[in-house]
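Listed below, chain by chain, are the residues.
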Amino acid sequence: MGKAVRYYSRSGNTKALAAAIANGASCTAVSVDEVGAEIKEPVDTLFIGGGLYAYGIDKKLKAYIGTLDSSKVKKAAVFSTSWLSKHALDLLKSELKGRGIEVEEETCYAKNMPGVNELKAAEEFGKRY
Ligand SMILES: Cc1cc2nc3c(=O)[nH]c(=O)nc-3n(C[C@H](O)[C@H](O)[C@H](O)COP(=O)(O)O)c2cc1C
């Protein structure tokens, strides 16, 4: 079982964080609305993230989490970007737990477009779990 990275990003900030995590996790970051986003083979860790929009996560990301099968996802680890609030991290955690998926306490976050240090930290995050 390997690792997978899924994300939803409207303007590219969370996409950049997803790419760095995927680099650390030795896999490819896939947008939840891309063909092939479905988790077909079981994974040890699903990294899943998105931006915060009007204090909520995008409905496409929420719908995607609703399709996840807990028997195929051993655990999840969440990430997000926003102007200020880390609320998306809590929303993601609670959606995943609602699907019966265990979630790592540690999260990965950047304010807007991640900088060099944040990308490095994201890569480490991808390696660690
Ligand atoms: C319509 C809209 C609503 C937003 N609402 C919030 C918000 O409530 N709190 C916040 O901290 N950032 C908010 N943001 C900022 C985004 O979360 C931030 O730009 C984020 O990095 C976007 O991620 P993305 O580039 O992956 O789409 C909002 C941005 C947009 C476009």
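As the structure is a prediction and not an experimental result, all values here were calculated from the model.

## What about the site of the ligand?
Here's step 1: Taken together, 17 residues lie near the ligand, and Ser9, Ser11, Leu52, Tyr53 and Thr81 sit nearest.
Here's step 2: Interatomic distance of 2.7 Å between a backbone N/O atom of Arg10 and an oxygen atom of the ligand.
Here's step 3: When the free accessible area of the ligand is taken as 640 Å², the share hidden by the protein chains comes to 78%.
Here's step 4: Of all elements in the fold, only α1 (13-25) and β4 (73-82) reach the threshold of two or more residues within the shell around the ligand.
Here's step 5: Here the residues of the shell around the ligand are counted per class, giving six nonpolar, ten polar and one charged.

## Quick word on the nonpolar core
Here's step 1: If you look at the biggest cluster of nonpolar residues, it comprises 25 residues, and the most contacted ones within it are Ile39, Leu46, Ile48, Leu61, Leu68 and Leu96.
Here's step 2: Residue assignment for this core shows that the elements contributing at least two residues are β1 (2-8), β3 (43-51), α2 (59-67), β4 and α3 (87-98).
Here's step 3: In terms of residues, this core owes the most to one element, α3, which gives four residues.
Here's step 4: Aside from chain neighbours lying at most four places away, what touches Leu68 is Ile39, Leu46, Leu96, Arg99 and Ile101.
Here's step 5: Within the second largest apolar cluster, 16 residues are counted, among which are Leu17, Ala20, Ala22 and Tyr129.

## Describing unusual backbone geometry
Here's step 1: You will see that Ala54, though not glycine, has its phi angle at about 50 degrees, which is positive.
Here's step 2: Unusually for a residue other than glycine, Asn112 sits at a positive phi of about 55 degrees.
Here's step 3: Here Asn112 lies in the loop between β6 (108-111) and α4 (116-128).
Here's step 4: For Asn112, a relative accessible area of 31% gives the class partly exposed.

## Topic: α3
Here's step 1: An ideal rise of 1.5 Å per residue puts 16 Å on twelve residues; α3 measures up with 17 Å between its terminal C-alpha atoms.
Here's step 2: Elements that come into contact with the buried residues of α3 comprise β3, α2, β4, β5 (102-103) and β6.
Here's step 3: Just downstream of α3 lies Gly100, where phi reads positive at about 80 degrees.

Reading guide: rules and limits
- Residues numbered from 1 in each chain as written.
- Predicted model: local features only at pLDDT ≥ 70, side-chain atom pairs only at ≥ 80, totals over all residues.
- Heavy atoms only, no water.
- Near = heavy atom within 4 Å.
- Polar contact = N/O pair within 3.5 Å; in protein donor to acceptor, adjacent residues only side chain to side chain.
- Areas by Shrake-Rupley, 256 points an atom, 1.4 Å probe, with all protein chains shown as cover.
- Helix = DSSP H or I, 4+ residues; strand = E, 2+ residues; numbered from the N terminus.
- Nonpolar A, V, L, I, M, F, W, Y, C, P; charged D, E, K, R; others polar.
- Core = buried A, V, L, I, M, F, W, Y, C linked by side-chain atoms within 4.5 Å.
- Buried < 20%, exposed > 50% of the residue type's maximum accessible area, 1.4 Å probe, protein only.
- Contact = heavy atoms within 4.5 Å.
- Expected span 1.5 Å × (residues − 1).

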